[in-house]
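# Fold and geometry: a report
Listed here are the chains, written in short residue letters.
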Amino acid sequence: MVIAIFGNTLRAETISEVKHIVEFLQLRDITVVLSPELRHDVFSRDLPSVEDYISTTGESIDFAISVGGDGTFLTTASMVGHLDIPILGINCGHLGYLAEVQTDNVDVILDQLINNQYTIEKRSVLEVSSSKGGKIASPFALNEVAVLKSGLSSMITVEVTLNGEFLHSYKADGLLIATPTGSTAYNLSVGGPLLDPHVNAIILSPVATHSLNIRPLVVLDDSKIDLKISSRNGNFMVSVDGRSQVLNQDIHLHVERSARTIKLVRVEGQTFMQSLKDKLNWG
């Protein structure tokens, strides 16, 4: 078995947990490879990076372990999603809807992983593309594509066309297009609906809308969404799972479900509903 480990090198508690996991796995004869950041910033011993291992051996990696919060999990997904590697999230952050495993339970969870006591869930991913020569640096989103005002500019107008039919001109600070997985992320903070991650849907949630009769909207996940943005300063920001860039308003965006999916590892005793109740203090 080969396991790749990713982690936030800026957090001391994350580094301590990564070292523990590496030692735990090596004692069980598991081959460990590291993200480039961990390899460069933390480990002086001869552990290969993900890229080095794949390029030199030609072998695949069985699992990726993300140690940190949901932000670290999203970074891990962006780096290995195209390799179709299942990801297990170890939570050293705060809420941790994606990174669900708590550090005080990590040894038990790793043993379950090694002994095949797990299931794999496939989560939908959004893909955003642009017109007029614009280039989206990181086009795949597990959580959401956010179109936002840039800098200190006033509100923006986002004209939305859904499956070729004009839907609405949102006058707001922005608009979120979220997956069911992302319903517990930025979407939750702006009052969007919570969805089971297995629901085949996409959520459109305005950010600080200037019209009280505009509400979040849930549409089928085979929908094609086109966006035309206008602002006073001529620019807007697009953020794909927190990876942001500023674009000129002449550039239009297209968002739809990607053929790519992200695989999440769920070990015994973990469910989305249990996680939701724990994080939101229900019951």
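Everything below is about the structure shown above.
Residues numbered from 1 in each chain as written. Predicted model: local features only at pLDDT ≥ 70, side-chain atom pairs only at ≥ 80, totals over all residues. Heavy atoms only, no water.

### Looking at the sheet that holds strand β16 (residues 243-248)
Backbone-to-backbone hydrogen bonds pair the strands of a sheet. The strands run either parallel or antiparallel. Strand order in the open sheet formed by six strands is β13-β12-β11-β8-β15-β16, and the pairing between neighbours is antiparallel. A strand with exactly one partner marks an edge of an open sheet, and here the two such strands are β13 (217-220) and β16. With direction set aside, neighbouring strand axes in the sheet form an average angle of 20 degrees. In the sheet, strand β12 (residues 201-207) pairs with β13 via four bridges, with the strands oriented antiparallel. (Pairing = 2+ DSSP bridges. Helix = DSSP H or I, 4+ residues; strand = E, 2+ residues; numbered from the N terminus. Axes fitted to C-alpha atoms, helices over the stretch in contact; angles between N-to-C directions.)

### So, empty space enclosed by the protein
Under the definition given, this model contains two cavities of 30 Å³ or more. By volume, the largest cavity amounts to about 80 Å³. What lines the largest cavity is a set of 13 residues, and nearest its centre among them are Y97, R123, T181, T184 and F272. Secondary-structure elements contributing two or more residues to the lining of the largest cavity are β17 (253-267) and α7 (272-280). Along the lines of polarity and charge, the residues of the lining of the largest cavity split into seven nonpolar, three polar and three charged. Empty space within the second largest cavity amounts to approximately 60 Å³. In terms of lining, the second largest cavity is formed by F73, I87, L88, G89, L98, E100, V101, L264, V265, R266 and Q270. For the lining of the second largest cavity, the secondary structure elements donating two or more residues are β4 (87-91) and β17. (1 Å grid on protein atoms, 1.4 Å probe; cavity = no way out; pocket = protein on both sides within 12 Å on 5 of 7 lines; lining within 4 Å. Points joined across faces, edges and corners; volume = space filled by probe spheres on them. Nonpolar A, V, L, I, M, F, W, Y, C, P; charged D, E, K, R; others polar.)

### What to know about the side chain of S150
Residue placement: S150 occurs in the loop between β8 (144-148) and β9 (156-162). A polar atom in the side chain of S150 sits 3.1 Å from the side chain of N233. Residue contacts for S150: discarding those within four places in its chain leaves N233, N235, F236, M237 and V246. (Polar contact = N/O pair within 3.5 Å; in protein donor to acceptor, adjacent residues only side chain to side chain. Contact = heavy atoms within 4.5 Å.)

### A word on the pattern of salt bridges
Under the definition given, this model contains seven salt bridges. Note that E121 and R266 form a salt bridge whose closest N and O atoms lie 2.6 Å from each other. Of this pair, E121 sits in strand β6 (residues 118-130) while R266 is found in strand β17, placing the two residues 145 residues apart along the sequence. Judged by relative accessible area, E121 falls into the buried class, the value being 13%. Measuring nitrogen to oxygen at the nearest pair gives 2.8 Å for the salt bridge that ties K224 to E256. Of this pair, K224 sits in the loop between β13 and β14 (225-230) while E256 sits in strand β17, placing them 32 residues apart in sequence. Exposure remark for K224: the relative accessible area of 36% places this residue in the partly exposed category. (Salt bridge = Lys/Arg side-chain N within 4 Å of Asp/Glu carboxyl O. Buried < 20%, exposed > 50% of the residue type's maximum accessible area, 1.4 Å probe, protein only.)

Nothing here speaks to function; it is all geometry.
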